[in-house]
Number of protein chains: 2
Amino acid sequence: MQRGADASLDEVAKHAQVGIGTLYRHFPTREALLGAACDERLSELAQQSRQRAARVAPGEALCVFLEALVRHASVYRGLAASLGIVLKNGSSGCHATTEEGLRLLSLAQASGEIRSDIAFDDIVCMATAISLTTAQDAPGGRRIDRLVSMFVDGLRVRAPKASRGPRS
Amino acid sequence: MQRGADASLDEVAKHAQVGIGTLYRHFPTREALLGAACDERLSELAQQSRQRAARVAPGEALCVFLEALVRHASVYRGLAASLGIVLKNGSSGCHATTEEGLRLLSLAQASGEIRSDIAFDDIVCMATAISLTTAQDAPGGRRIDRLVSMFVDGLRVRAPKASRGPRS
DNA sequence: ACCTGAACACCGTTCAAGT
DNA sequence: ACCTGAACACCGTTCAAGT
């Protein structure tokens with residue numbers, strides 16, 4: 001399951017050495033299969049985020065979390081489109097990731113860094129969006145970074161720092 | 001062609017009263033077909049944007065343009081994913097829309113409202129992203145508006161107005 | 001020259017038969 | 001009870017035959 005990105009279900013079954021029917025009984029929906037396939041990876045993502053969040057400001061932690069989510073969704077073709085559903089399907093790593101995201105968002109909003117009218121679903125939505133659009137890009141492109149940075153700027157409460165003096 | 005969103009090519013051909021082979025010869029790629037199907041609509045979009053741009057500030061004009069593009073890409077299922085390619089395919093309305101977008105972006109950047117490191121491709125990319133993610137949403141949802149607003153905030157040069165006083 | 005649609009290839013899904 | 005994979009349905013694409 002590791003590499004075979006958007007292989008046909010037939011190939012997945014063959015590679016897992018089971019019949020296609022058995023595959024269907026274990027994973028009734030495509031989302032269930034995807035969820036199981038990347039569950040471990042999501043667990044790691046959540047854990048790394050928790051560790052990082054102990055060191056940096058909430059807003060920053062949320063940004064890096066978003067970026068990690070985008071990159072995660074880009075690993076398996078076909079995952080991005082159903083990221084929202086996969087995260088909700090409840091398997092352990094999905095749940096951990098959702099929990100961590102909710103936690104970071106609350107913290108960042110409480111600290112006044114991030115707009116209070118943002119929902120976690122919007123974060124997932126953005127991660128999905130960036131993954132989907134950059135999927136066709138050349139592999140090592142800079143667009144992911146640029147889009148993440150743009151998105152994140154959109155999340156920030158206005159005038160956080162005024163890196164240059166404001167005009168007139 | 002008007003309504004049949006993501007119908008099979010077979011149905012498109014049948015509806016157009018031609019053989020499937022003829023359809024292929026007229027439109028060798030899916031993008032060519034999509035481009036032709038929405039060309040008129042894109043012409044209108046570009047024209048309306050030009051009229052609007054005469055009345056409002058460049059940044060504002062660019063935002064409304066982006067929103068229109070998002071809504072356009074949401075009309076036909078399957079268009080969003082290839083919006084970038086479709087816009088480049090060169091048919092009249094596509095060309096007009098690209099021209100108008102480039103023009104608005106230049107103006108908005110020259111006026112200092114919009115970040116100078118944004119490319120038109122990024123705008124298209126964002127429109128694609130929002131369309132793709134909101135495609136699965138309930139029809140009348142508010143998410144499109146919220147995401148467009150977020151995106152656009154990300155485009156803006158910092159501290160444009162300082163709606164509230166900056167902190168300490 | 002142009003059009004047609006049967007034919008082929010591919011993939012997702014089901015379900016009768018086997019163990 | 002559980003597994004299997006042939007069989008069915010569907011869609012995209014091509015190309016030999018017809019006009």
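Below: a short report on this structure. None of the values given here were measured: they were computed from a predicted structure.

Looking at DNA strand C, the residues that line it are Ser8, Leu9, Ile20, Gly21, Tyr24 and Arg30 of chain A together with Val18, Gly19, Ile20, Gly21, Thr22 and Arg25 of chain B. Across the atoms of DNA strand C situated within 4 Å of the protein, the share located in sugar and phosphate is 68%. Within the contact set of DNA strand C, a phosphate oxygen lies 2.5 Å away from a side-chain nitrogen or oxygen of Tyr24 of chain A. Between Gly21 of chain B and DNA strand C, the recorded distance is 3.3 Å, taken from a backbone N or O atom to a base oxygen. Of all the secondary structure elements, the ones that give two or more residues to the surface near DNA strand C are α2 (20–26) of chain A together with α2 (20–26) of chain B. Examining the composition of the surface near DNA strand C, we find that 4 residues originate from one element, α2 of chain B, more than from any other. Among the residues forming the surface near DNA strand C, the class breakdown is 5 nonpolar, 5 polar and 2 charged.

What follows is about the interface of chain B and chain A. Opposite the 27 residues of chain B that make contact, chain A presents 29 residues. Summed over both sides, the interface between chain B and chain A buries roughly 2,600 Å², with carbon and sulfur atoms accounting for 59% of that surface. Where chain B packs against chain A, one counts 4 salt bridges. Those elements that provide at least two residues to the side of chain B that touches chain A are α8 (120–134) and α9 (143–155) of chain B. At 9 residues, the largest contribution of residues to the side of chain B that touches chain A is made by α9 of chain B. Tallied by class, residues from the side of chain B that touches chain A come to 12 nonpolar, 6 polar and 9 charged.

Once that is clear, we can look at the protein's contact with DNA strand D. Lining the immediate surroundings of DNA strand D are Val18, Gly19, Ile20, Gly21, Thr22 and Arg25 of chain A together with Ser8, Leu9, Ile20, Gly21, Tyr24 and Arg30 of chain B. At the protein interface, 63% of the atoms of DNA strand D within 4 Å belong to sugar or phosphate. With respect to DNA strand D, the backbone of Gly19 of chain A contributes an N or O atom lying 2.7 Å from a phosphate oxygen. Measuring from a phosphate oxygen of DNA strand D, one finds a side-chain N or O atom of Tyr24 of chain B at 2.5 Å. Here the surface near DNA strand D takes 4 residues from α2 of chain A, the largest share from any one element. Partitioning the surface near DNA strand D into residue classes produces 5 nonpolar, 5 polar and 2 charged.

The rules behind these values
Residues numbered from 1 in each chain as written. Chains lettered and ligands numbered in written order. Predicted model: local features only at pLDDT ≥ 70, side-chain atom pairs only at ≥ 80, totals over all residues. Heavy atoms only, no water. Near = heavy atom within 4 Å. Polar contact = N/O pair within 3.5 Å; in protein donor to acceptor, adjacent residues only side chain to side chain. Helix = DSSP H or I, 4+ residues; strand = E, 2+ residues; numbered from the N terminus. Nonpolar A, V, L, I, M, F, W, Y, C, P; charged D, E, K, R; others polar. Contact = heavy atoms within 4.5 Å. Buried area = accessible area lost by both parts, 1.4 Å probe. Salt bridge = Lys/Arg side-chain N within 4 Å of Asp/Glu carboxyl O.

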